[in-house]
Amino acid sequence: LLACFTCTLGFLVVCRSNQACSRYWEGAKLVQRVRGQWFNAASSLVAFCSREPEDSVRVQRFQRLIIRLLSLLYGTALSTLSGSSFEVIDQDGLDATSLTFMESASDDPREVKC
C-alpha cells in the first residue's frame, strides 16, 4: 500500500514539475519575442528617418528620444513581470512634464492616471 502511494505521489510530482517547467519556458520565450518585436520597431523607426542634411538635428533628436522611450517601455514591462527594477537609458531629451507624469504614475500597471 505504501509503495503504491509513493509511486502515485512521485508520478504527480513529476507531472506537476514538468508542467511548471514548460510554463516557465513558454513565458521566457514570449518575453524574448516581445523584446525582438520592440527591437524591430525601434530599428524601423530609426532606419526610415529622413536623410536630408537640413533635418539632421531633428532626426537625431527623434531617434534618441524613441530609443529612450522604448528602453523605458521594456524596463517597465520587465519590472512589472519580475517585481524588481531595471536600469534604463538615461532620460535626457524627455520634457519636464513627461518626467513629472512618470514619477507620479502608480506602480500598479492596471491603474492609469490621466
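**Student:** What exactly am I supposed to notice about the overall build of the protein here?
**Tutor:** Summing up its helical and strand segments, the protein has three helices and zero strands in all. Along the protein, helices (α) and strands (β) appear in the sequence α-α-α when read from the amino end. What you see for the protein is a C-alpha radius of gyration of 23 Å, clearly larger than the 13 Å of a compact globule of 114 residues, by over 25%. By residue count, 11% of the 114 residues in the protein fall in the buried class. Of all intrachain contacts in the protein linking residues separated by at least 6 positions in sequence, the fraction that spans at least 24 positions is 36%. Total accessible area on the protein stands at roughly 9,600 Å², and carbon and sulfur atoms take up 61% of it. Between the averaged position of the 12 positive side-chain charges in the protein and that of its 12 negative side-chain charges there is a distance of 10 Å.

**Student:** Would you mind showing me how to read the packing of aromatic side chains here?
**Tutor:** The geometry of an aromatic ring pair is captured by the separation of the ring centres together with the interplanar angle, meaning the angle of the planes. Following the criterion strictly, the structure yields two aromatic pairs and no others. Taking 5.1 Å as the distance between ring centres and 75 degrees as the angle between the ring planes, the aromatic pair formed by Tyr24 and Trp25 counts as edge-to-face. Looking at Tyr24, the relative accessible area reads 54%, which means it is exposed. Each ring, one from Trp38 and one from Tyr74, has its centre 5.9 Å from the other, and the planes form 90 degrees; the classification is edge-to-face. With Trp38 in helix 1 (residues 2–47) and Tyr74 in helix 2 (residues 56–82), this pair connects stretches of sequence that are 36 residues apart. Look at Trp38 and you get partly exposed, because its relative accessible area is 27%.

**Student:** For this particular structure, what's the right way to read the packing of helix 1 against helix 2?
**Tutor:** Describing two packed helices takes the angle between their axes plus the distance from one axis to the other. The contact between helix 1 and helix 2 brings their axes to 10 Å, and the two run at 170 degrees. The orientation of helix 1 relative to helix 2 falls into the category roughly antiparallel. Of helix 2, the residues touching helix 1 (which contributes Val31, Arg35, Trp38, Ala42, Leu45 and Val46) are Phe62, Gln63, Ile66, Ile67, Leu70, Leu73, Tyr74, Ala77, Leu78 and Leu81. Within the contact of helix 1 with helix 2, the residues separate by chemical class into 14 nonpolar, one polar and one charged.

**Student:** How should I be thinking about the pattern of salt bridges in this particular structure?
**Tutor:** Charged atoms that come close allow side chains of opposite charge to pair. According to the stated counting rule, one finds two salt bridges in the structure shown. We note a salt bridge from Asp55 to Arg58, for which the minimum N-O separation is 3.7 Å.

**Student:** Explain the layout of surface pockets to me, please; I cannot follow it from the model alone.
**Tutor:** Rolled over the atoms, a probe with the dimensions of a water molecule shows which regions are left empty. Taken as a whole, the second largest pocket encloses approximately 230 Å³ of empty space. Lining the second largest pocket, in full, are Arg35, Trp38, Phe39, Ala42, Ile67, Leu70, Ser71, Tyr74 and Ile89. Secondary structure elements with two or more residues in the lining of the second largest pocket: helix 1 and helix 2. Classifying every residue of the lining of the second largest pocket by side-chain character gives seven nonpolar, one polar and one charged.

**Student:** Even after reading the chapter, I still don't get the environment of Glu54, so can you show me in this structure?
**Tutor:** With respect to the helices and strands, the residue Glu54 is situated in the loop between helix 1 and helix 2. Judged by relative accessible area, which is 61%, Glu54 ranks as exposed.

Analysis parameters
Residues numbered from 1 in each chain as written. Predicted model: local features only at pLDDT ≥ 70, side-chain atom pairs only at ≥ 80, totals over all residues. Heavy atoms only, no water. Helix = DSSP H or I, 4+ residues; strand = E, 2+ residues; numbered from the N terminus. Rg over C-alpha atoms; globule rule 2.2 N^0.38 Å. Buried < 20%, exposed > 50% of the residue type's maximum accessible area, 1.4 Å probe, protein only. Contact = heavy atoms within 4.5 Å. Areas by Shrake-Rupley, 256 points an atom, 1.4 Å probe, with all protein chains shown as cover. Lys, Arg positive; Asp, Glu negative; His and termini not counted. Charge placed at Lys NZ, Arg CZ, Asp CG, Glu CD. Phe/Tyr/Trp six-rings, centres within 6.5 Å; stacked < 30°, edge-to-face > 60°. Axes fitted to C-alpha atoms, helices over the stretch in contact; angles between N-to-C directions. Parallel < 35°, antiparallel > 145°, perpendicular 65-115°, else oblique. Nonpolar A, V, L, I, M, F, W, Y, C, P; charged D, E, K, R; others polar. Salt bridge = Lys/Arg side-chain N within 4 Å of Asp/Glu carboxyl O. 1 Å grid on protein atoms, 1.4 Å probe; cavity = no way out; pocket = protein on both sides within 12 Å on 5 of 7 lines; lining within 4 Å. Points joined across faces, edges and corners; volume = space filled by probe spheres on them.

By themselves, these figures tell us nothing about what the structure is for.
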